[in-house]
Amino acid sequence: MDSFKDVLEAAQAYCKTQMAEPTYNLYIDGLEPISFEDSSHITLSVRNDFICKIVTDRYLGLLKEAFKTVLGFDVDIIRAIGRTAGFRVKVENIPFDGLIPALKTRTIDIAINDIGITAERAKSVDFSDRYYIAGMGIVVAKGYQGIQSAKDLEGKRLAVTIGSTGEIAAKRIPHAQVRVFNTLSDCFLELINNGVDAVLNDIPTNDYYAVTAGAGKVDSLSISLAAEDLGIAVKKGRKDLLEKINKGLASLKASGEFTAIYKKWFGREPVSYTHLRA
């Protein structure tokens, strides 16, 4: 399942054929629930238009087989690195603010999820070489004209995900009313419902959302607040694993596979590092 459309159609088809009651709700990233008849308490949580997790109180067993695999840009990258470097990858979906604690306890070995390389985070984990540079961008409701520059964010109602670089940036903006959410889906939903004026998040994710699940509902603005190196994190001191990751990453970039994966998810070439830094 490589696209939002594939995911949605597969979910609908599977639920209708497997459930005793063909009624369910699909919660798609940033959109109001797509309801069918009543509710059988099924929620598909989709982030960046791919399945991230499934929460249900009745039919989890039926859906596990249909959606075993987490999909996305970062997932494709780490799977390709694992294949190139010679280690197997099993993907777990963990809230962003739980990634570093999970590394520390060895609940997971690797964390990759748009994690900015910062001096503060580097005190707790070791980072790979950067795998790309992301700009911190702004998403607003379709047609909203109240934000034309970074300065216009002052005093605005802003949504960010907990523990993200966006949260750090938002809390530095004078007089901004910052609302912190557990998921990006919640941020976008609050924006669409007019609970906030803007969402601060990584530009590639913003752009992709604006032309897929958020099409016709939001705009991703051509304003970059900052550029940050994104890295793959491991528990501090795991030099052997870090070396494998760096070698695999270098191989992907040299072979062109990294660019192919990027284009698959974002529809264009990776933005030039020099351009982002300018």
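Residues numbered from 1 in each chain as written. Predicted model: local features only at pLDDT ≥ 70, side-chain atom pairs only at ≥ 80, totals over all residues. Heavy atoms only, no water.

## Examining the nonpolar core
Move 1: Membership of the largest hydrophobic core comes to 23 residues, with the highest contact counts inside it found for Phe73, Ile77, Ile81, Tyr131, Tyr132, Ile232 and Phe258.
Move 2: For this core, the elements supplying multiple residues, two or more each, are helix H3 (73-85), strand E7 (132-141), helix H8 (239-255) and helix H9 (257-266).
Move 3: Within the second largest apolar cluster, 14 residues are counted, among which are Val160, Ile173, Ala198 and Ile223. (Core = buried A, V, L, I, M, F, W, Y, C linked by side-chain atoms within 4.5 Å. Buried < 20%, exposed > 50% of the residue type's maximum accessible area, 1.4 Å probe, protein only. Helix = DSSP H or I, 4+ residues; strand = E, 2+ residues; numbered from the N terminus.)

## Remarks on the pattern of salt bridges
Move 1: Summed over the entire model, instances satisfying the criterion amount to 14 salt bridges.
Move 2: Note that lysine 151 and glutamate 154 form a salt bridge whose closest N and O atoms lie 3.4 Å from each other.
Move 3: Given the relative accessible area of 34%, glutamate 154 is considered partly exposed.
Move 4: As a salt-bridge pair, glutamate 243 and lysine 247 come within 3.2 Å of each other at their nearest N and O atoms. Of the two residues, glutamate 243 and lysine 247 both sit in helix H8, four residues apart, roughly one turn of that helix.
Move 5: Assessed through its relative accessible area of 44%, glutamate 243 is described here as partly exposed.
Move 6: Judged by relative accessible area, lysine 247 falls into the exposed class, the value being 56%.
Move 7: Residues participating in the shared-partner salt-bridge network are Arg106, Asp109 and Arg238. (Salt bridge = Lys/Arg side-chain N within 4 Å of Asp/Glu carboxyl O.)

## Quick notes on the pairing of strand E10 (residues 198-202)
Move 1: The buried fraction of E10 is high, at five of five residues.
Move 2: Strand direction decides the pairing type here: strand E8 (residues 157-161) and E10, joined by two bridges, are parallel. Residue pairing across strands places leucine 158 opposite alanine 198, the latter belonging to E10. (Pairing = 2+ DSSP bridges.)

## A closer look at the sheet that holds strand E13 (residues 233-235)
Move 1: The three strands lie next to each other as E5-E13-E6, forming an open sheet whose pairing is antiparallel. The open sheet has two edge strands, strand E5 (110-111) and strand E6 (125-127), and neither has a second partner.
Move 2: Pairing of E5 with E13 involves two bridges; the strand directions are antiparallel. Residue isoleucine 110 lies in a different strand from E13, and its bridge partner there is valine 234.
Move 3: Against the sheet, H8 makes contact with E5, E6 and E13, and its axis sits at roughly 160° relative to E13, the strand it touches most. (Contact = heavy atoms within 4.5 Å. Axes fitted to C-alpha atoms, helices over the stretch in contact; angles between N-to-C directions.)

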